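Residue-level listing of the chains:
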Amino acid sequence: MTDSIMSKAATMEIPINSNGDTGTLAEDDSLEQDLQQVMVSGPNLNETSIVSGGYGGTTEGIIPTSSIKGPGMHHSSSSSSSSMAGEEATRGVAVEKLESVKKWSLNTYKCTKQMISERFGRGSRTVDLELEAQIEVLRDTKRKYENVLRLARALTTHFYNMVQTQHALGDTFADLSQKSPELRDEFGYNAETQKLLCKNGETLLGAINFFVSSINTLVNKTMEDSLMTIKMFENARLEFDAYRSDLEELGLGPRDAVAIARIEAAQAQYQIHKDKYERLRSDVTIKLKFLEENKVKVMHKQLLLFHNAISAYFAGNQQQLEQTLQQFSIKLKPPGADKPSWLEEQ
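Residues numbered from 1 in each chain as written. Predicted model: local features only at pLDDT ≥ 70, side-chain atom pairs only at ≥ 80, totals over all residues. Heavy atoms only, no water.

1. Topic: the overall build of the chain
Step number 1: Helices and strands together make up the secondary structure of the chain, namely 8 helices and 2 strands.
Step number 2: The secondary structure elements of the chain, listed N-terminal to C-terminal, are α-α-β-β-α-α-α-α-α-α.
Step number 3: For the chain, long-range pairs separated by at least 24 residues make up 73% of all intrachain contacts whose partners lie at least 6 apart in sequence.
Step number 4: Surface summary for the chain: the accessible area is close to 24900 Å², and the carbon and sulfur share equals 57%. (Helix = DSSP H or I, 4+ residues; strand = E, 2+ residues; numbered from the N terminus. Contact = heavy atoms within 4.5 Å. Areas by Shrake-Rupley, 256 points an atom, 1.4 Å probe, with all protein chains shown as cover.)

2. Re the nonpolar core
Step number 1: Counting residues in each nonpolar core, the largest one holds 42 residues, and the members touching the most others are I135, L138, I230, F233, V284 and L288.
Step number 2: Of all elements in the fold, only α4 (129-179), α5 (184-251), α6 (257-314) and α7 (318-327) reach the threshold of two or more residues within this core.
Step number 3: Ranked by residues supplied to this core, first place goes to α5 with 17 residues.
Step number 4: With sequence-adjacent residues up to four places away left out, L138 is seen in contact with M223, S226, L227, I230, L288 and L291. (Core = buried A, V, L, I, M, F, W, Y, C linked by side-chain atoms within 4.5 Å. Buried < 20%, exposed > 50% of the residue type's maximum accessible area, 1.4 Å probe, protein only.)

3. Let's talk about the side chain of Q166
Step number 1: Its place among the elements puts Q166 in helix α4.
Step number 2: With residues up to four places along the chain from it excluded, the contact list for Q166 reads Q194, L197, C198 and Y313.

4. A few points about the packing of α5 against α6
Geometry of a packed helix pair, given as the angle between the helix axes and the separation of the axes.
Step number 1: Remark: α5 packs on α6, axes separated minimally by 7 Å, with the N-to-C direction vectors making an angle of 165°. The orientation of α5 with respect to α6, classified from their angle, is roughly antiparallel. The way α5 lies across α6 gives a crossing that is left-handed.
Step number 2: Grouping the constituent residues of the contact of α5 with α6 by class yields 32 nonpolar, 11 polar and 12 charged. (Axes fitted to C-alpha atoms, helices over the stretch in contact; angles between N-to-C directions. Parallel < 35°, antiparallel > 145°, perpendicular 65-115°, else oblique. Left-handed = near helix turned anticlockwise from the far one by under 90°. Nonpolar A, V, L, I, M, F, W, Y, C, P; charged D, E, K, R; others polar.)

Structure follows, in structure tokens:
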């Protein structure tokens, strides 16, 4: 059908009139319908062929276009190889994560089993009586020092409010001394007394704040650091006992090839956790020793400061109070130092 249409198109004469316009052909409508049918039912572009030779030649020079490969094929193969390499890397990471989760699950199971056995009195645990007694003393000391810290902070808050009240009262007395001529002297020396008490109170507040800051550092940093190491030591002790119990259970079983391999693996894990336990026990012992020395040194200084400052304040000895702060190198902040500057408020 396509050949007949092309033959018509090649041999058809187009009449032209005297004005140069094309004439109306009777076959135009049928030709247009045939062309539309060819466009609809024509061959797929992917299946077309390149013809070598003239029109109507033989099929020996026909080259199917599907056999022609462009340069994009090389990019496709290289991208596929890179994607395969990426998949292998991702698979390797997934395998590593799976192994780590497997080890963690096994370790958690053994430790949980050991913990339950100890709680119900069925399993044995490694005990260091001297070290555990020192750990218990530290925990009790921390609880008592936390109470001291809480009370010292409460004292600071109450005393600060009293100093602010004294300051306001002194300002009120000074204002009344200017407006009450008949009581000018009485209001005047009461205003001076409140201002002096306010000044000494601010000095004592500086000493108490230094005391509170030092106790807070000792309790919430130094002692807490030692307790964190102790927690790691207790976890290592639990793991060590769990793998020790596992090794003992395997030792009571049969001695075939599979059992011997399991015993060797358990022995290796037992040695690893034993070394970790002993290392952390040594760390705890050293930290407890240095903590005790540091605690005595810090508390000796802070208790002396607290006693001297309180005694000088309530004795009304302003000079001794200031000397106490100088002795411990405490510098008072000027009034309004805690307030932000006008640049910071912008």
